[in-house]
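Given next are the chains, with one letter for each unit.
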Amino acid sequence: MQALNSTPVVDGRRQDLWRGDDELDRWAREHGGLGGDEERRWLRTARDALQAVETGTTAEPGLDGVLSGVRKVPQPSTSGIEWRLEAPPERRLAVELVLAWADVKERMPGRLRPCGNPECRLFLLDRSRANTARWCSMQTCGNRLKARRHQARARETPRPE
């Protein structure tokens, strides 16, 4: 989720929290990456492709590039079978990002989606029992949209004289 939500809208302007190389290198190292130009390029490609998939625009070329030649190989271990990821080092973290997204989509179908506020670029993982969450945050997007709808209805309703 953190990667999908790395392009928020702040004060009406789209921000890219991964725009700066230092910030993205720090994020990569915190998640087991190496940092560096190639890793940053693949991480941005994976993030952009996943955002495109979640918003309903095509993303196959980006995902194809990230996943090209990648394999998960089973290996016996003392606890059963473990899966070893075979990917070029500069793509490994981007591949892990895509695999984590795919795991969420499989384990929680229909629960990962864009915020219902068309001005927002964040995504939510709906953990509610009814699967009816609409906004990334009720305090920001939810209240804002509800207030706008209420004001629009108030303007449309004639006032008694």
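As the structure is a prediction and not an experimental result, all values here were calculated from the model.

A. Structural view of the nonpolar core. Counting 24 residues, the largest nonpolar core has Trp 18, Trp 27, Leu 43, Leu 50, Val 66, Leu 97 and Leu 112 as its most contacted members. In terms of residue count, helix α4 (residues 89-107) provides more of this core than any other element does, 7 residues in total. Sequence-distant contacts of Leu 112, that is, excluding residues within four places in its chain, are made with Met 1, Leu 4, Glu 54, Trp 101, Val 104, Lys 105, Phe 123, Leu 124 and Leu 125.

B. Expanded view of the environment of Asp 21. Note that Asp 21 resides in helix α1 (residues 21-30). The class for Asp 21 is partly exposed, based on a relative accessible area of 36%. The sequence separation of Asp 21 and Arg 40 amounts to 19 residues, and the corresponding C-alpha distance is 7.4 Å. In contact with Asp 21, not counting residues within four places along its chain, are Arg 40 and Arg 44.

C. Here's a closer look at the pairing of strand β3 (residues 71-77). Alignment of β3 against strand β4 (residues 80-86), held across 7 bridges, turns out to be antiparallel. Its bridge partner being in β4, Pro 76 is matched across the sheet by Ile 81. Where β3 folds back onto β4 in an antiparallel hairpin, the turn is made up of 2 residues.

D. Expanded view of the side chain of Glu 54. Locating Glu 54 in the fold gives a position in helix α2 (residues 37-55). Look at Glu 54 and you get buried, because its relative accessible area is 9%.

E. Here's a closer look at the packing of α2 against helix α3 (residues 60-67). Where α2 meets α3, the axes come as close as 8 Å, and the angle between the chain directions of the two elements is 140°. When the axes of α2 and α3 are compared, the pair comes out oblique. Relative to α3, the crossing made by α2 is left-handed. Contact residues: α2 offers Trp 42, Thr 45, Ala 46, Ala 49, Leu 50 and Val 53, while α3 offers Gly 62, Leu 63, Gly 65 and Val 66. Counted by class, the contact of α2 with α3 contains 7 nonpolar, 3 polar and no charged residues.

Rules of the game
Residues numbered from 1 in each chain as written. Predicted model: local features only at pLDDT ≥ 70, side-chain atom pairs only at ≥ 80, totals over all residues. Heavy atoms only, no water. Core = buried A, V, L, I, M, F, W, Y, C linked by side-chain atoms within 4.5 Å. Buried < 20%, exposed > 50% of the residue type's maximum accessible area, 1.4 Å probe, protein only. Helix = DSSP H or I, 4+ residues; strand = E, 2+ residues; numbered from the N terminus. Contact = heavy atoms within 4.5 Å. Pairing = 2+ DSSP bridges. Axes fitted to C-alpha atoms, helices over the stretch in contact; angles between N-to-C directions. Parallel < 35°, antiparallel > 145°, perpendicular 65-115°, else oblique. Left-handed = near helix turned anticlockwise from the far one by under 90°. Nonpolar A, V, L, I, M, F, W, Y, C, P; charged D, E, K, R; others polar.

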